[in-house]
Structures are given as C-alpha cells and as structure tokens.
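Structure assessment
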Amino acid sequence: MNSLSRRAQYLRAIGIELWQPRATGRAAEPSARAAQSADAACAAEPPADLEAWERLRAEVLGCTRCALHQSRTQAVFGVGPRRAEWMVIGEAPGAEEDRRGEPFVGRAGKLLDAMLHSIGLSREVNVYIANILKSRPPGNRDPRPEEVAACLPYLHRQIEQVRPRLLLAVGRIAAQNLLGTDAPLGRLRGKVHRFGVDNVPLVVTYHPAYLLRSPADKRKAWEDLQFARATFAQSMSGAPADGHRS
Ligand code: SF4
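Remember, it's a predicted structure, so these values are computed and weren't measured experimentally. (Residues numbered from 1 in each chain as written. Predicted model: local features only at pLDDT ≥ 70, side-chain atom pairs only at ≥ 80, totals over all residues.)

Time to look at helix 5 (residues 106-118). Three- or four-residue spacings in an α-helix give side chains the same orientation, since the helix completes a turn every 3.6 residues. Spanning 13 residues, helix 5 covers 18 Å between terminal C-alpha atoms, matching the ideal 18 Å at 1.5 Å per step. Looking only at helix 5, the buried set comprises A108, G109, L111, L112, D113, M115, L116, H117 and S118. G120, located one to two residues past helix 5, shows a positive phi value of around 80°. (Helix = DSSP H or I, 4+ residues; strand = E, 2+ residues; numbered from the N terminus. Expected span 1.5 Å × (residues − 1). Buried ≥ 20, exposed ≤ 12 C-beta atoms within 10 Å, placed from the backbone.)

Here's what the structure looks like:
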C-alpha cells in the first residue's frame, strides 16, 4: 500500500472523507529519515540525560505520593522517543493502560494513532505520549486536585527532558491542568497557548475517547490537527506562532 492510500485509511479512521484536499509532502507517512534522525538524536544523548530519564521513570513506577498507588496495577510512565518534537498529553490511564503499562492503548489509542498518522506523526518516530496522572483513578473518574498536584511535577520533568517543539493537549482535563484554567474546552481550542518558561506552543483538541462517543466532532478534531501542524511548522521556521485559527 502506498503512502497516499495509507493516509486515506487513517483519515477514514478519524471520520474524514476522501474529498478532503490531498496533503502536501509534509503530511506524508513518517519517513525513514525521520526515524533515523530520532535514533541518531537519542544515540547522541549525554549519558547524564539518559540517567536522569531513567531515574525519573523509576521514581514514577515506584511512586506512592497519592492514594492512587493503592488501586493501580502499575504506574504508566509514557511512550515514544525520549527526544521528540511533538508531545501529546492526555488525562490518566484507563483500565487497559493500567493493565498494559502504556498510555493510549485500546480503541481510543488506535484512534489517537490514526489521528497522528494522518498528519505524518507516530509514537514510534516523533511523538512522546504521556498523561497528567500516571496512575489510574478507579472507575475512570476525573482526577482529584490533590492527585494532580502530586503528579504534575513528573510531567513537567518529562516535558523538560523530551524538549518538544509543540504540545498537543487532548481533552479538557489535560488542557485545563496544563494551562491552569477552568475554561471549557470549546474556548481553549483554535488558539496557540504557551507552556512553561520556554513558551512551548500548546494546542488543544478533543480526547479520542470523547471522539469515539461523539463521532460528529471528528471533523473539528481534524481541524485542530491541521492547526497544530501549521503551528508546529511556523514554530520550526522561527516565525511567531501566536494566534488563532482563521
Ligand atoms: S498518580 Fe502520580 S502521584 Fe499519584 S501515585 Fe501515581 S505516580 Fe504517584
């Protein structure tokens, strides 16, 4: 299967019909060259950085800072290349993630992968994926403020070490906690926010689990992804990436 028909398959998975304008080369399948450069970047890492990363992973896997450690099967650290230009942030592990120790697996994970593939990204090559909470809240309830307060420093350290050029917050919980706001998701979409001392561009979209329940909003998620891709391209070109979607 060539890359165009593969892309058509990903677009279909996220509910986008084929009459969408064909993409330019930027949206093509992640290239072998991108994979090689990710490998090369990791191979060139100072050993101290790798040690700091492994120390952080060990801290998370053994963490007892909040009560969620009592009910989890295991903490879910994150997945993807340790140095990645994109970082996707979700809410918390669900039942399948808790069982398998990886974020965004199961149906929502498959949809997220299709969304990423549709803009030439993947967790294997150029996206690091993590959650606000590393341990599963029982019954998939919303994270409590004290749990977020205990866990968020881990995510901040991950972001510092991954050094993404763009953050994509998926879902209300991720967006509100990263941005420190109570604003509804609808008001946070379609804008470039800034995160941390490095002012990393941050774009907000729907959580794939929500899109599975509300497929009519997949088209809006596709618009968000295109907006994120344009923001990333602007940021990489050195142009100011602030603004709103037109
Ligand atoms: S949710 Fe975070 S703070 Fe709470 S136990 Fe898990 S890793 Fe620790």
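The rest of the description comes next.
The next subject is the confidence of the model for the protein chain. Per-residue confidence for the protein chain averages 88 on the pLDDT scale, and 80% of its residues sit at or above 70. Note that residues 18-35 has pLDDT below 50 and, in this model, 22 contacts with residues that lie over four places away or in other chains. (pLDDT = per-residue confidence, 0-100. Contact = placed C-beta atoms within 7 Å.)

Quick look at the environment of W86 now. By secondary structure assignment, the location of W86 is in strand 1 (residues 86-90). We classify W86 as buried; it has 24 C-beta atoms within 10 Å. Separated by 143 residues in the primary sequence, W86 and R229 place their C-alpha atoms 9.9 Å from one another.

The next point concerns the site of the ligand. Contacts to the ligand come from 14 residues, most closely from C63, C66, K134, S135 and C151. Broken down by element, the shell around the ligand gets its largest block of residues, three residues, from helix 6 (residues 145-162). For the shell around the ligand, the class distribution of residues is eight nonpolar, three polar and three charged. (Near = placed C-beta within 6 Å. Nonpolar A, V, L, I, M, F, W, Y, C, P; charged D, E, K, R; others polar.)

Before going further, it helps to examine the environment of R141. As for its placement among the helices and strands, R141 is situated in the loop between strand 2 (127-131) and helix 6. Owing to 9 C-beta atoms within 10 Å, R141 belongs among the exposed residues under this scheme. Sequence spacing of R141 and A92 is 49 residues, and the spatial spacing of their C-alpha atoms is 9.6 Å.

Once that is clear, we can look at the pairing of strand 3 (residues 166-170). When you tally the buried positions in strand 3, you get five out of five residues, the bulk of the element. Side chains L166, L168 and V170 project from strand 3 onto one buried face, and the interleaved L167 and A169 project onto a second face that is buried too. Pairing analysis gives four bridges linking strand 1 to strand 3, with the strands arranged parallel. Pairing of I89 across the sheet is with A169, part of strand 3. Of the pairings in the sheet, the one linking strand 3 to strand 5 (residues 200-205) comprises four bridges and is parallel in character. Pairing of A169 across the sheet is with V204, part of strand 5. (Pairing = 2+ DSSP bridges.)

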